[in-house]
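# Overview (structure and organization)
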Amino acid sequence: MILLTGYKGFIGSHFQNYFETEGEHDVIGIDADNAWKFLSKFNGWENVDLIIHNGAISSTTEKNWVKIAHYNQSFTAHLFSHAIEHKIPVRYASSASVYGNQTKECRKINPLNQYAISKLIIDYYVLDNLDRFESIQGFRYFNVYGTGEDHKGDQASPVSKFTKQIRETGKLKLFEGSDKFYRDFVCVNDIVNIVLNNDAPSGIYDIGTGKPMSFQRVAELVAKKEGGEIEMIPFPDHLKGKYQDYTCADMEWLNYRLKTLEDYLSPES
């Protein structure tokens, strides 16, 4: 039996689809609405073979710390205590947002928002208790894109937002200065494959391609693929000082190359 939190979300739903296609596991899906009720009622921990924890309050602009801490920290800590007690392997979603403003020359922990802080607190808890778990891997997902992002609204990846804008209006909207903002974009299907099929020991790992791309380049690729135009718009005031300039995953722990966004958006893909 597998416990899958966040199963209705973008990334979680891809794990759910994977298991449904595979057909070899019973999966219990847990979302924010029933998370705490599940913990208080569930008594079948001895039958759980794996916990995949993707559920979180994931908005990087959410400022209600009580709301964030209630799920991202408290629920996670309670869930992990059961994993420790019953020796259940865990695979959980951290976030590349814990790095804050990376540069090509400097890589350090520097969270810029409350969501990132909540993820970092759990990472520190895991590292402090690593030897208490049967097995635990945390994954700092970089900028994930793929099918099924429609419900995310403004939190959707630029690939999905740009594609949707062009198909609806013929144009995509791009922040001024986007040639200076770089992200490491990774396909959600690759996330699922790596999380479920790697032989690394317990620890916390990046998942990206290791090949960042500017938002400007993403816009150009999508515009070319969809036959649309690019419209430049002012950079929003509410994002100033909270926007990462550069992200790049350290993928030395994984011994194969992931496809880049350029690969996926090429005419042959």
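Look up: the structure comes first, before these words.
This section reports on the structure supplied with the text. (Residues numbered from 1 in each chain as written. Predicted model: local features only at pLDDT ≥ 70, side-chain atom pairs only at ≥ 80, totals over all residues. Heavy atoms only, no water.)

### A look at the packing of helix α1 (residues 10-22) against helix α6 (residues 188-196)
The relative placement of two packed helices is expressed as an angle between their axes plus a distance between the axes. Relative to each other, α1 and α6 sit at 65 degrees, their axes nearing to 10 Å. Crossing geometry of α1 relative to α6 is assigned as right-handed. On α6, the residues touching Phe10, Ile11, His14, Phe15, Tyr18 and Phe19 of α1 are Val188, Asn189, Ile191, Val192, Val195 and Leu196. Residue composition of the contact of α1 with α6, by class: 10 nonpolar, 2 polar and no charged. (Axes fitted to C-alpha atoms, helices over the stretch in contact; angles between N-to-C directions. Helix = DSSP H or I, 4+ residues; strand = E, 2+ residues; numbered from the N terminus. Left-handed = near helix turned anticlockwise from the far one by under 90°. Contact = heavy atoms within 4.5 Å. Nonpolar A, V, L, I, M, F, W, Y, C, P; charged D, E, K, R; others polar.)

### Quick notes on unusual backbone geometry
Of note in the backbone geometry, Lys87 takes a positive phi value of approximately 55 degrees without being a glycine. Looking at the secondary structure, you find Lys87 in the loop between α3 (65-86) and β4 (90-93). Taking the relative accessible area as the measure of exposure, Lys87 reaches 56% and is therefore exposed. (Buried < 20%, exposed > 50% of the residue type's maximum accessible area, 1.4 Å probe, protein only.)

### So, the layout of surface pockets
The computed volume of the second largest pocket comes to approximately 590 Å³. The greatest single-element share of the lining of the second largest pocket, amounting to 8 residues, is contributed by helix α5 (residues 158-169). Its residues assigned to classes, the lining of the second largest pocket comprises 6 nonpolar, 8 polar and 8 charged. (1 Å grid on protein atoms, 1.4 Å probe; cavity = no way out; pocket = protein on both sides within 12 Å on 5 of 7 lines; lining within 4 Å. Points joined across faces, edges and corners; volume = space filled by probe spheres on them.)

### Description of the nonpolar core
Counting residues in each nonpolar core, the largest one holds 30 residues, and the members touching the most others are Ile11, Phe15, Tyr141, Val144, Ile191 and Ile207. Listing elements by their share of this core, those giving two or more residues are β1 (2-5), α1, β3 (50-53), β5 (136-141), α6 and β10 (203-207). It is α6 that contributes the most residues to this core, 5 residues altogether. Leave out the neighbours within four places in its chain, and Ile207 touches Phe139, Arg140, Tyr141, Phe142, Val186, Ile191, Ile194, Val195, Ala249, Met251 and Trp253. In terms of nonpolar packing, the next biggest core, distinct from the first, is built from 25 residues, Ile30, Ile51, Val90 and Tyr92 among them. (Core = buried A, V, L, I, M, F, W, Y, C linked by side-chain atoms within 4.5 Å.)

### Structural notes on the packing of aromatic side chains
On inspection of all chains with the given rule, the structure shows 17 aromatic pairs. In this structure an aromatic cluster arises from ring pairing among Trp36, Tyr71 and Phe75. (Phe/Tyr/Trp six-rings, centres within 6.5 Å; stacked < 30°, edge-to-face > 60°.)

### Quick notes on the environment of Ile166
Among the secondary structure elements, Ile166 is positioned in helix α5. It is 8.9 Å that separates the C-alpha atoms of Ile166 and Ile230, two residues lying 64 residues apart in sequence. In contact with Ile166, not counting residues within four places along its chain, are Lys171, Leu172, Val222, Ala223, Glu226 and Gly228.

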